[in-house]
Amino acid sequence: MLSPTLAPLFEVSPLAHAVASAARNVRFQNRSAVTYHGPRNPNRHSHNPLRAGIAMRTVAQGAVLVGLLLFAFDSATAQTPPNEAKLGLSGSIGLGVASMPSYEGSPNRRTLAVPYFTLNYRTRDWGEVSFGQYGLVWQAVEAGDLRLGLVANPDAGRKDSKPSKMNPSPGDKRLAGMGAVRSSTEGGVLVGYGPFSLQARKSLGDRGHKGTQVDASVEWPLVVTDKVAVSFGAGLTWADKDYMQTYFGVTSAQAQASGFRAYTPNSGVRKFDLSVNAEYALVKDWTLQGAAVLTRLTGDAADSPLVARKSNPSGYLGVAYVF
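Residues numbered from 1 in each chain as written. Predicted model: local features only at pLDDT ≥ 70, side-chain atom pairs only at ≥ 80, totals over all residues. Heavy atoms only, no water.

Caption draft 1: Fine view of the pairing of strand 10 (residues 196-204). Bridge count between strand 9 (residues 184-193) and strand 10: 9 bridges; the pairing is antiparallel. Looking at strand 10, one finds that V191 is bridged to L198. What sits between strand 9 and strand 10 in their antiparallel hairpin is a turn of 2 residues, with G194 showing a positive phi close to 60°. Judged from the 7 bridges that link them, strand 10 and strand 11 (residues 212-223) form a sheet pairing that is antiparallel. Bridge pairing in strand 11 places L198 opposite A216. (Pairing = 2+ DSSP bridges. Helix = DSSP H or I, 4+ residues; strand = E, 2+ residues; numbered from the N terminus.)

Printed below as a string of structure tokens:
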């Protein structure tokens, strides 16, 4: 749902989702006009300028995952017709300001300067490989409106104290006694058809939440003028019990240390979100990007004692050099 350039803001905090989808789905080609090549947001969860440091630590695991699966998809991708998008290397690098909750469900907010980057390499027969705040994404099969691929995404974890102004990780002194959630890498698959996308990811290794998430989203891009493009998105995220317990549960030991009541959530849909992304072509190779996201926690996530605010807006504004 969120553009890969802006999305990294809302997962490190709920803002990463919106900013990342704008850069991929709303892209200025030919330097002076907007050209849209169809819905290609490979992972909505994903994602955002705040993940830059965490994403770098996922390169090795993601590269191994993609390398193993390149062979598996060889025969399928050989039959895939080339996409209309430009072949070869492309990407963007930028800097912006983001405002978001300090963690999902927090009553407190943070404002950060957030750098971001994306690198995309598109081939005629092997689809597209992207690396950025989302981590590593291989959109291997593109047959008409159908898209299939693999992902290796960073999960930022969470601190039980207020992070420094230069640290993009979610966290709040309100969580003192809860203990920190370690950052980790999630691996999974993505399926898309037209404006619809579905992505399932499982935490890899023994770090972090050790759980599974599934994102379902839909996105409507709109080219307004030769300088302005907008996209609207909506989505939901389901999480299993391991993920819910890590980020919304409170064990008896944590209850004694933190003062929150003990709480054991079950699996289920944990949030809905709506987003608006926009880009404006400033001058040759430079764009102004903005995003707004409204996230609504639901189910057992919303009932967690850690959640003080079920609905939270996030926003981003920045400039980017596109190549």
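Caption draft 2: Summary view of the nonpolar core. Grouped together as the largest cluster of nonpolar side chains are 10 residues: V181, A239, Y243, M244, Y247, F248, L297, A301, A302 and V307. For this core, the secondary structure elements donating two or more residues are helix 6 (241-248) and helix 8 (299-302). Sorting elements by how many residues they give to this core places helix 6 first, with 4 residues. Contact partners of Y247, with chain neighbours within four places excluded, come to D155, G157, R158, V181, H209 and L306. (Core = buried A, V, L, I, M, F, W, Y, C linked by side-chain atoms within 4.5 Å. Buried < 20%, exposed > 50% of the residue type's maximum accessible area, 1.4 Å probe, protein only. Contact = heavy atoms within 4.5 Å.)

Caption draft 3: View of the side chain of R270. Looking at where R270 falls in the secondary structure, it is placed in strand 13 (residues 268-283). By relative accessible area, which is 0% here, R270 ends up buried. One polar contact links R270 to E104, side chain to side chain, over a distance of 2.7 Å. (Polar contact = N/O pair within 3.5 Å; in protein donor to acceptor, adjacent residues only side chain to side chain.)

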